[in-house]
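Each chain is listed here by its residues.
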Amino acid sequence: MLRGFYTAASGMVSQQRQQEALSNNIANAQTPGYKADQTALRAFPEMLMHQMSKNDVPTSRGLNFPMQNPIGSMNTGVYVHENIPDYGQGDVRETGISTDLALVDGELPDETGGLFFTVQNEDGEERYTRNGNFTVDGEGFLVTTQGYYVLDEAGAPIQTDGIEFTLTEDGTLQLPGENISLGIAYTDNVNELAKEGNGLFNGEAGAVPGEAAYTVQQGVLERSNVDAAQSMTQMMESYRMFETNQRVLKAYDESMGKAVSEIARLG
């Protein structure tokens, strides 16, 4: 009985965590460059069930226990193994704001590869983002909405002196008297990156391979790749599964209550 109690409880915990991930996706449905999280559920290790019979001949295979007839396997519960971001390209929306930039993926050399803007967080460390909702701060630097410096290909903050710039499709800012190349980073496996919040990713990334085809567009933003309608449907399914496990847990609780209060009196 206790085994079923814990199985139902693990199902409730897993569905609760899945709802948290879905809620976060829906909350960021309008966040530029946001990548939706997908929850991966995994069962606890299976246990092989055997038939118990007094007629079995005790045998062993190097172990000191009798072998019974196997009757099947049983899982003991489920848990959230990990949240996996979906790095698929989001739709591109025109804003008309010159500091809004978007990476539009073309042909990449690796199926799991990805392109990112390079920025500098508050600790001075390089991070990566797909959110091109940039602006120019009071000192003339190109920054994110959180105030993080946008970096060039040499890893230095981009100084615009507050002057309007034009961006070419290869990611070059054209300013009076100089051209500055955006720091576009490439990773051959986006699944090795980790989310850090504020649209930032941490991990290993390097220069863009020469065979990669992409464009950087100005005056547009990459929208979130969250499908709000699908996420709402998944949330309702998760909630129903939570309620089902809750009813099973309640039934086990009532059975255990009877075992303690009623069956004990029969003795």
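Scope of this entry: the structure provided in the associated data block. Residue numbers run consecutively from 1 along every chain, following the written order of its sequence. Given that the model is predicted, a residue must reach a pLDDT of at least 70 before its local features are reported, and side-chain atom pairs must reach 80 or more before they are shown or counted; all residues, however, enter totals for whole chains, interfaces and linings. Water and hydrogen atoms play no part in the side-chain values, which are based on all heavy atoms of the structure.

What to know about the packing of aromatic side chains
In step 1: Centre distance within 6.5 Å is the pairing criterion for rings of Phe, Tyr and Trp, where only the six-membered ring of Trp is used; planes under 30 degrees apart are then read as stacked, over 60 as edge-to-face, and the remainder as tilted. Under the definition given, this model contains five aromatic pairs.
In step 2: Consider the rings of Phe116 and Phe201, whose centres lie 5.6 Å apart with planes at 55 degrees: the pair is tilted. In this pair, Phe116 is assigned in strand β7 (residues 114–120) and Phe201 in strand β17 (residues 200–202), connecting sequence segments 85 residues apart.
In step 3: When its relative accessible area of 2% is taken as the criterion, Phe116 is described as buried.
In step 4: Burial classes: relative accessible area under 20% of the type maximum marks a residue as buried, over 50% as exposed, and values in between as partly exposed (1.4 Å probe, protein chains only). The exposure class of Phe201 is buried, given its relative accessible area of 2%.
In step 5: Where Phe141 meets Tyr149, the ring centres are 5.1 Å apart and the plane angle is 65 degrees; that geometry is what we call edge-to-face.
In step 6: Residue Phe141 is classed as buried on the basis of its relative accessible area of 18%.
In step 7: We classify Tyr149 as partly exposed; its relative accessible area is 25%.
In step 8: Each residue in the set Tyr87, Phe116 and Phe201 is aromatic and connected to the rest through ring pairs, giving one cluster. By definition, any uninterrupted DSSP run of H or I lasting at least four residues is a helix, any uninterrupted run of E lasting at least two residues is a strand, and each is numbered from the N terminus.

What about the environment of Glu82?
In step 1: Considering the arrangement of structural elements, one finds Glu82 in strand β4 (residues 78–85).
In step 2: Overall, Glu82 belongs to the partly exposed group, its relative accessible area being 39%.
In step 3: In this description, contact between two residues means that some pair of their heavy atoms is separated by no more than 4.5 Å. Beyond its immediate sequence surroundings of up to four residues, Glu82 is in contact with Gln38, Thr39 and Ala40.

Structural notes on the nonpolar core
In step 1: Within the largest apolar cluster, 20 residues are counted, with the highest numbers of intra-cluster contacts made by Phe117, Leu173 and Leu182.
In step 2: Residue assignment for this core shows that the elements contributing at least two residues are β6 (101–105), β7, β13 (172–175) and β15 (184–187).
In step 3: Among buried residues, those of type Ala, Val, Leu, Ile, Met, Phe, Trp, Tyr and Cys that are joined through side-chain atoms within 4.5 Å constitute a nonpolar core. Core analysis: the next-biggest nonpolar cluster, separate from the first, contains seven residues, Tyr87, Phe116, Ala185 and Phe201 among them.

In short, geometric facts, not functional conclusions.
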